[in-house]
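Architecture at a glance
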Amino acid sequence: MAAQEIENGTTWGKELWDQFDNLATHTQKGIDFFERFGNFIRDRSAIEVEYALKLRRLVKNYQPKKSKEDEENEFSSLIAFKNVLKEVADLAGQREVVAENLQNQVLQGIMLLAKILREERKKALNQGAGLTQSLHTQIGTLDRAKRSYEKAFREAEKAIESYHKADADFHLSRADVEKQRVNMNIRNSQSEDAKSEYANQLQITNKQQQQHYQIALPEVFNKLQELDEKRTRGMKEFIKRAADVEYEVSPIIARCLEGMVKAADSINEKDDSMIVIEKYQSGFQPPGDIPFEDLSKPDPDAANNSQTHNSSTGLNHMTGKGTTKDKLKKRVGIFGIFTGNKEDFSDLPPTQRRKKLTAKVQELQQKVAQEQAASDGLMKMKGVYEANSMLGDPRTVEEQLNESVNRLDRLRHELLRYQKLLEQANNQTFIQHSPQSNRVIQNGQRSSRHSNGSSNHENSHDDNGEDHPDDAGSLSSSASPESGLGTSHTSLPGSGQGSTNEQPMNEEYYEADAPLGTCRALYPFDATSEGSIPMSEGEELQVIEVDQGDGWTRVRRFSSKGWEEGFVPTSYIECTLYA
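Quick caveat: nothing in here was measured; it's all calculated off a predicted structure.

1. Some points on a nonpolar patch on the surface
On the surface, Leu58, Tyr62 and Phe81 cluster together into a nonpolar patch covering about 300 Å² of accessible area. Mapping Tyr62 onto the fold places it in the loop between helix H3 (20–61) and helix H4 (68–72).

2. A short note on the pairing of strand S7 (residues 573–577)
Burial along S7 is one-sided: the residues Ile573, Cys575 and Leu577 are buried and none of Glu574 and Thr576 is. Bridge count between strand S3 (residues 517–521) and S7: five bridges; the pairing is antiparallel. Looking across to S7, one finds that Ala521 is bridged to Ile573.

3. Some remarks on the packing of helix H11 (residues 350–387) against helix H12 (residues 395–426)
With their axes 8 Å apart at the nearest point, H11 and H12 run at an angle of 160° to one another. Judged on the interaxial angle alone, H12 and H11 are roughly antiparallel. In this structure, H11 crosses over H12, and the sense of that crossing is left-handed.

4. Some details on the nonpolar core
Phe34, Ile41, Phe221 and Leu224 are the most contacted members of the largest nonpolar core, which totals 38 residues. Per element, the largest residue contribution to this core is 14 residues, and it comes from helix H5 (residues 76–168). Discounting chain neighbours no more than four positions away, the residues touching Leu224 are Trp12, Leu23, Thr27, Arg121, Ala124 and Leu125.

5. A word on the packing of aromatic side chains
Inspection of the entire model under this criterion finds 10 aromatic pairs. Consider the rings of Phe37 and Phe40, whose centres lie 6.2 Å apart with planes at 25°: the pair is stacked. Note that Phe37 and Phe40 are positioned in helix H3 at a spacing of three residues, about one turn of the helix. Aromatic side chains Tyr149 and Phe153 sit 6.1 Å apart centroid to centroid with 40° between the ring planes, which places their arrangement in the tilted category. Taken as a pair, Tyr149 and Phe153 lie in helix H5 at a separation of four residues, close to a single helical turn. Exposure remark for Tyr149: the relative accessible area of 18% places this residue in the buried category. An aromatic cluster of at least three residues, connected via ring pairs, comprises Tyr523, Phe525, Trp552 and Tyr572.

6. Comments concerning the pairing of strand S4 (residues 540–545)
Taken across its six residues, S4 has five buried, putting it largely inside the fold. Here four bridges tie S3 to S4, and the two strands are oriented antiparallel to one another. For Cys519, the partnering residue across the bridge sits in S4 and is Leu541. Direction of pairing for S4 relative to strand S5 (residues 552–559): antiparallel, over a ladder of three bridges. Of the residues in S5, the one forming a bridge with Val543 is Val555. Here S4 folds back onto S5 in antiparallel fashion, the turn holding six residues, of which Gly549 has a positive phi close to 105°.

7. Considerations on H5
Compared with an ideal rise of 1.5 Å per residue, which puts 93 residues at 138 Å, H5 spans 133 Å between its outermost C-alpha atoms and is within 8% of the ideal. Approximately 35° is the largest bend angle found in H5, and it occurs at Gln103.

8. Some details on the environment of Arg57
Looking at the secondary structure, you find Arg57 in helix H3. Along the backbone, Arg57 and Ala89 are 32 residues apart, and their C-alpha atoms lie at a distance of 9.3 Å.

9. Description of the environment of Asp169
Checked against the element boundaries, Asp169 lands in the loop between H5 and helix H6 (174–265). Among the polar contacts made by the side chain of Asp169, one reaches the main-chain amide nitrogen of His171 at a distance of 3.2 Å.

10. Brief notes about the pattern of salt bridges
Evaluation of the coordinates by the stated rule reveals 22 salt bridges. The partner of Arg241 in a salt bridge is Asp244, and the shortest N-O contact between them spans 4.0 Å. You can see Arg241 and its partner Asp244 sitting in helix H6, three residues apart, about one turn around the helix. A relative accessible area of 22% means that Arg241 is categorised as partly exposed. Judged by relative accessible area, Asp244 falls into the partly exposed class, the value being 32%. Linked through salt bridges whose partners overlap, the residues forming this network are Arg44, Glu48, Arg95 and Glu246.

11. A closer look at the confidence of the model for the chain
For the chain, per-residue confidence averages 76 on the pLDDT scale, and 74% of positions sit at 70 or higher. Confidence, expressed as mean pLDDT per element, reaches its minimum in the chain at strand S1 (residues 439–442) with 36 and its maximum at H3 with 94. Low confidence marks residues 1–6, where pLDDT is under 50. Its contacts with residues over four positions away, or in another chain, come to six contacts. Predicted confidence is poor over residues 429–512, with pLDDT under 50, and the contacts of this stretch with residues over four places away or in other chains come to 213 contacts.

12. Concerning H6
For H6, spanning 92 residues, the distance from its first C-alpha to its last is 131 Å, which sits close to the expected 136 Å at 1.5 Å a residue. Along its length, H6 reaches its greatest deviation from straightness, about 50°, at His212.

13. Overview of the packing of H5 against H6
Orientation of H5 relative to H6, taken along the N-to-C sense of each, is 175°, at an axis distance of 6 Å. Taken together, the axes of H5 and H6 are roughly antiparallel relative to one another. In terms of residue class, the contact of H5 with H6 is built from 47 nonpolar, 25 polar and 20 charged.

14. Some thoughts on the side chain of His212
Locating His212 in the fold gives a position in helix H6. Look at His212 and you get buried, because its relative accessible area is 4%. Residues in contact with His212, not counting those within four places in the same chain, are Leu131, Thr132, Leu135, Leu217 and Pro218.

Criteria and cut-off values
Residues numbered from 1 in each chain as written. Predicted model: local features only at pLDDT ≥ 70, side-chain atom pairs only at ≥ 80, totals over all residues. Heavy atoms only, no water. Patch = residues over 30% accessible without salt bridge, like charges linked within 9 Å, V, L, I, M, F, W, Y side chains within 5 Å. Areas by Shrake-Rupley, 256 points an atom, 1.4 Å probe, with all protein chains shown as cover. Salt bridge = Lys/Arg side-chain N within 4 Å of Asp/Glu carboxyl O. Helix = DSSP H or I, 4+ residues; strand = E, 2+ residues; numbered from the N terminus. Buried < 20%, exposed > 50% of the residue type's maximum accessible area, 1.4 Å probe, protein only. Pairing = 2+ DSSP bridges. Axes fitted to C-alpha atoms, helices over the stretch in contact; angles between N-to-C directions. Parallel < 35°, antiparallel > 145°, perpendicular 65-115°, else oblique. Left-handed = near helix turned anticlockwise from the far one by under 90°. Core = buried A, V, L, I, M, F, W, Y, C linked by side-chain atoms within 4.5 Å. Contact = heavy atoms within 4.5 Å. Phe/Tyr/Trp six-rings, centres within 6.5 Å; stacked < 30°, edge-to-face > 60°. Expected span 1.5 Å × (residues − 1). Bend = angle between axes of the 7 residues up to and from the residue. Polar contact = N/O pair within 3.5 Å; in protein donor to acceptor, adjacent residues only side chain to side chain. pLDDT = per-residue confidence, 0-100. Nonpolar A, V, L, I, M, F, W, Y, C, P; charged D, E, K, R; others polar.

So this is what it looks like as structure tokens:
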């Protein structure tokens, strides 16, 4: 472009031959502006770095906390949000790439070019200043030669005038006239010499001035024009380069945005609803209809209830209505007997228990496979050592092999236990009812109706899957305060241990454990937990402590062993409490 302009004659050296100072100022402002553009790129790069840092901090702050339960059942909306966070983190990485490329490819180039332009401008201005100074020096020499010529010319004119004056004066001697003639000739000669010098200096000055304004100074101006155009081209190239930096990462940014859209499309509200069902489904059936009780018709159980009620009219009022404050405190201590042992997940509803047992079985199967592989590896190593003692002593792996075998046996035993528990949970054929269902108040009495209820303590196997006989009265075998049951009674006072003599209980016993009502067993129950007692379907028992929210009711019954008391699942009985 500069060459084309020079060919066309549109150059600074020709068009701006007398604008040296303005061109010097213009080129200085142009370089300052160019460096200001560099500062803009630098600040923008810093903003990109800060933006990337804030994006990463944002991703970190909003990253969902990991939990084993969430990993098992993750909602599609949560998975999508995690994917969005990943894409935002990738966006932060691309902003860092933009910042780095702006610094390395744009900012450094601007600073380097600005430095070169300053050096070239300084060199051109020094050259122009030297040329101007030389021309000014020559003009000064011309001015001095002109002044000398003017002085010599005036003196020559004065000498001529003096000679003519003396020559016309007849009173002067011939010698005086000759003297004036010689002075005139000298002054004329000096004037001619000064004139020649002036003419010579004028010729030199004109030639130098022509050289200065037509060749030398235009070359300087053209250099300034070239560096200014170089600056302008650099501005153009670096703006485009900054845009290219963005273009280079735009495909990746586009993929990040596409990933966000894809994450949004992966959200399925129906699947999330099913996850909620899987996560919280208890497996219990809704309660059935509450039957209508016609008070005009006699209740066949009323006689028994009234008889039992009459036998307890003289009891303590607080004991008749419910558990005393001291017993409530003791009751808290026995919660751990039934709910503390969660290895078999018996504290969970049926559906959740089956899910946990299935997950536990799968986990143990994986552990067994891993331990089996480790054991096989040790066996091979031992065989290699036995075949070639140079490779190692087989006794070194003997202990490790024994430990591995023991761990494998324990894992298999535990796996078998949980497989049996899972099989029992899967083979439950009766309908599950929530223990909290069908609690109504009828005839001023509190009636707790539980049909077809289930309990996680229903199986008659221990943790090892082995059958055990009923452990009747096991809870009442301890009289320690920590049991939360107070003084236990396995037989009637005065009847002897395990006596079948039916003797009335003394007043002190009744005051301590007066029945609150009666209950009928809806299903058979084999006592497998400490503190529970067995019962058969249809059996009548006395309620001595109502369910405190743990799913168990404390009852008393008379058997061949005497009076027994303990806990049974609330969902296995139908209670009728006294008014």
